[in-house]
Amino acid sequence: MKMPNFLRALMTSPAYMDKNSAEYVAAEQYLKILYPGNVATDASGRMAEPEYDMTLAEFYKAQAKLDADLEEAIQDAKDEYMDETGEELSDDAIDIELEETIEVNVLMPAGNIEIKQLEVYTLDLPEDNNNPDKPEKLRRIWRWHSEDEDNTCDECTSHDGEVYESEDEIPEIPVHPNCRCWLTEEEVDPSGRTISTKPYKPKVSEVKNEVGKDAKEMTNEQKFNQAYEKLKEPEGGYTNGKNQVKDEPTNMGIKQSTLDNYAKNHPDKDLPTDVKDLQADQAREIYKELYWDNSKISQIENARIRNALFDMRVMSGPTIPTKTLQQTLNEQIGANLPKTGYLGDQTIKAINSIPESKVGDFMNALIENRMQSLQQMTNWPTAKGGWTRRTNAY
């Protein structure tokens, strides 16, 4: 099981170094609850991957602990609000948001293993604006992160760890094409200790929300060219795949396995055996056949929605992004679509019914749902910076 973000934040905080601190105690409690099994080793003495993370009873115990801590945080927030303002904090004033889900392999009573999800929630509390003279207890900062790799450029490295007191101070990001830097938005207490952190989502310019429906004369080829041009920059060039869960070389976003399968189905085409030697026109051909021509995506009239869905399908395959799209259509326009993951006529009809003036709101909701989906994927811990920038660019 991957280490949850909230637990990683506890264990990397300065306070964790003090064994008497609340952060250390909380982290140790969660380590015992989330990782209850004994560590096993293989014949070489290396740590072996366990068949399951916890039993069903241990799963329920872990969720109960998370829920109990949430209830305690709510009560603490109410007590603190009463101390500071002399007023009661109503339940309606507290927003409870899903912070992350933790995918767990659970041993069921029948002996089979099922994948379940623990849910971690966080509180969004109202600010006390009644007393302008009272100093703020928490302040918001933005922190720059760059990849710690040999091929990270000097400019990106120079920003690593920089802290900005306001959004206006944040330098332009990405720094250059294929930049993998990212920012976090954090709340810190007067001592500088981080209380909460989340990926920073740059504000989307208003111009972007004005993208309307295409002219009816736009051809299928023109629509693909438009979507593909937007795709090329985030996909970048050749990488050896060492930062991925599976060490698989990739060139212009095309994995070695994808090239192998495509070449096997097209023996008449003069394709390289090594993805490193793949040419730009060959990559374009693969994208068009595998991710565009075999779907109804060209029937989506709005360019912004169409281009975003194409990018999502390239990243994650057709099913998960289409389910996310259908979920957003149901939430935003009451489309009442089954979440089949299939881009059929009813889904296309629902997309094309969105008024131009509502496209911006719809895309904001789609981006939010897409981010929640990405956070459940295995690669999230290593790819979250690039995925967050890429998704926010929709």
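Only a predicted model underlies this, so the values are computations on that prediction, with no experimental measurement involved.

## As for the pairing of strand S7 (residues 194-199)
Right, on to step 1. Pairing of strand S6 (residues 182-188) with S7 involves 5 bridges; the strand directions are antiparallel. Directly across from Glu185, in S7, lies its bridge partner Lys198.
Right, on to step 2. Linking two consecutive strands that pair antiparallel, namely S6 and S7, is a turn of 5 residues; a positive phi of about 90° is found at Gly192 within it.

## Some remarks on the packing of helix H9 (residues 319-333) against helix H11 (residues 359-374)
Right, on to step 1. Relative to each other, H9 and H11 sit at 135°, their axes nearing to 9 Å. It follows that H9 is oblique to H11 by the angle criterion. H9 and H11 meet at a crossing whose hand is right-handed. Residues Ile320, Pro321, Thr324, Leu325, Gln327, Thr328, Leu329, Glu331 and Gln332 of H9 lie in contact with H11, whose contacting residues are Asp361, Phe362, Ala365, Leu366, Asn369, Arg370 and Ser373.
Right, on to step 2. Among the residues making up the contact of H9 with H11, the classes are represented as 7 nonpolar, 6 polar and 3 charged.

## With respect to helix H8 (residues 303-316)
Right, on to step 1. Spanning 14 residues, H8 covers 20 Å between terminal C-alpha atoms, matching the ideal 20 Å at 1.5 Å per step.
Right, on to step 2. Burial runs high along H8: 12 of the 14 residues are buried.
Right, on to step 3. Those residues of H8 not exposed but buried are Ala303, Arg304, Ile305, Arg306, Asn307, Ala308, Leu309, Phe310, Asp311, Met312, Arg313 and Val314.
Right, on to step 4. Measuring from the side-chain oxygen of the N-cap residue of H8 to the backbone nitrogen of Arg304 gives 3.0 Å; that N-cap residue is Asn302.

## Here's the deal with a negative patch on the surface
Right, on to step 1. Together, Glu72, Asp76, Asp79 and Asp83 line one region of the surface with negative charge.
Right, on to step 2. In this fold, Glu72 is placed in helix H3 (residues 56-85).
Right, on to step 3. Looking at Glu72, the relative accessible area reads 47%, which means it is partly exposed.

## Looking at the pattern of salt bridges
Right, on to step 1. Within the structure shown, the criterion is met by 11 salt bridges.
Right, on to step 2. Ionic pairing is found between Glu114 and Lys116, a salt bridge with its closest N-O pair at 3.7 Å.
Right, on to step 3. A salt bridge links Arg139 to Glu165, with the shortest nitrogen-to-oxygen separation between them at 2.9 Å. One end of the pair, Arg139, is in strand S4 (residues 139-145); the other, Glu165, is in the loop between strand S5 (163-164) and S6, with 26 residues separating them in the sequence.
Right, on to step 4. Residue classification places Arg139 among the partly exposed positions, given a relative accessible area of 36%.

## Notes on the packing of helix H6 (residues 256-265) against helix H7 (residues 280-292)
To characterise two packed helices, one gives the angle between the axes of the helices and the distance between these axes.
Right, on to step 1. Interaxial distance between H6 and H7 falls to 12 Å at its minimum, and their mutual angle equals 80°. In terms of axis orientation, H6 runs roughly perpendicular to H7. Residues Thr258, Leu259 and Tyr262 of H6 touch H7, and the partners they reach there are Glu285, Ile286, Glu289 and Leu290.
Right, on to step 2. Of the residues contributing to the contact of H6 with H7, the split by class is 4 nonpolar, 1 polar and 2 charged.

## Here's the deal with a nonpolar patch on the surface
Right, on to step 1. A surface patch of nonpolar side chains, about 250 Å² in accessible area, is lined by Ile96, Leu98 and Tyr121.
Right, on to step 2. Tracing the backbone shows Leu98 in strand S2 (residues 95-107).

## Focus on the confidence of the model for the protein chain
Right, on to step 1. Put simply, the protein chain has an average pLDDT of 80, and 83% of its residues get 70 or more.
Right, on to step 2. Below pLDDT 50 for its whole length, residues 38-42 participates in 8 contacts with residues either more than four positions away or in separate chains.
Right, on to step 3. Throughout residues 204-213 the model reports pLDDT below 50, and contacts reaching past four residues in sequence, or to other chains, amount to 21 contacts.

## Overview of the sheet that holds strand S8 (residues 238-239)
Right, on to step 1. A sheet is described by the order of its strands in space; here 3 strands give the open sequence S8-S9-S10, paired in antiparallel fashion. Across the chains shown, the open sheet's two edge strands, defined by having one partner strand only, are S8 and strand S10 (254-255).
Right, on to step 2. Where S8 meets strand S9 (residues 250-251), 2 bridges bridge the pair, whose relative direction is antiparallel. Note on S9: the bridge partner recorded for Thr239 is Thr250.

## Comments concerning the packing of aromatic side chains
Right, on to step 1. This structure, assessed with the given rule, holds 9 aromatic pairs.
Right, on to step 2. Between Phe224 and Trp292, the aromatic rings sit 5.5 Å apart at their centres with planes inclined by 70°, giving edge-to-face as the arrangement. Of this pair, Phe224 sits in helix H5 (residues 220-235) while Trp292 sits in helix H7, and the two are 68 residues apart along the sequence. Both residues of the pair, Phe224 and Trp292, belong to the buried class.
Right, on to step 3. Between Phe224 and Phe310, the aromatic rings sit 5.9 Å apart at their centres with planes inclined by 75°, giving edge-to-face as the arrangement. Of this pair, Phe224 sits in helix H5 while Phe310 sits in helix H8, placing them 86 residues apart in sequence. Across the pair, Phe310 and Phe224 agree in class, each one buried.
Right, on to step 4. Linked through ring pairs, Phe224, Tyr228, Tyr287, Tyr291, Trp292 and Phe310 together constitute an aromatic cluster.

What counts, and at which threshold
- Residues numbered from 1 in each chain as written.
- Predicted model: local features only at pLDDT ≥ 70, side-chain atom pairs only at ≥ 80, totals over all residues.
- Heavy atoms only, no water.
- Pairing = 2+ DSSP bridges.
- Helix = DSSP H or I, 4+ residues; strand = E, 2+ residues; numbered from the N terminus.
- Axes fitted to C-alpha atoms, helices over the stretch in contact; angles between N-to-C directions.
- Parallel < 35°, antiparallel > 145°, perpendicular 65-115°, else oblique.
- Left-handed = near helix turned anticlockwise from the far one by under 90°.
- Contact = heavy atoms within 4.5 Å.
- Nonpolar A, V, L, I, M, F, W, Y, C, P; charged D, E, K, R; others polar.
- Expected span 1.5 Å × (residues − 1).
- Buried < 20%, exposed > 50% of the residue type's maximum accessible area, 1.4 Å probe, protein only.
- Polar contact = N/O pair within 3.5 Å; in protein donor to acceptor, adjacent residues only side chain to side chain.
- Patch = residues over 30% accessible without salt bridge, like charges linked within 9 Å, V, L, I, M, F, W, Y side chains within 5 Å.
- Areas by Shrake-Rupley, 256 points an atom, 1.4 Å probe, with all protein chains shown as cover.
- Salt bridge = Lys/Arg side-chain N within 4 Å of Asp/Glu carboxyl O.
- Lys, Arg positive; Asp, Glu negative; His and termini not counted.
- Charge placed at Lys NZ, Arg CZ, Asp CG, Glu CD.
- pLDDT = per-residue confidence, 0-100.
- Phe/Tyr/Trp six-rings, centres within 6.5 Å; stacked < 30°, edge-to-face > 60°.

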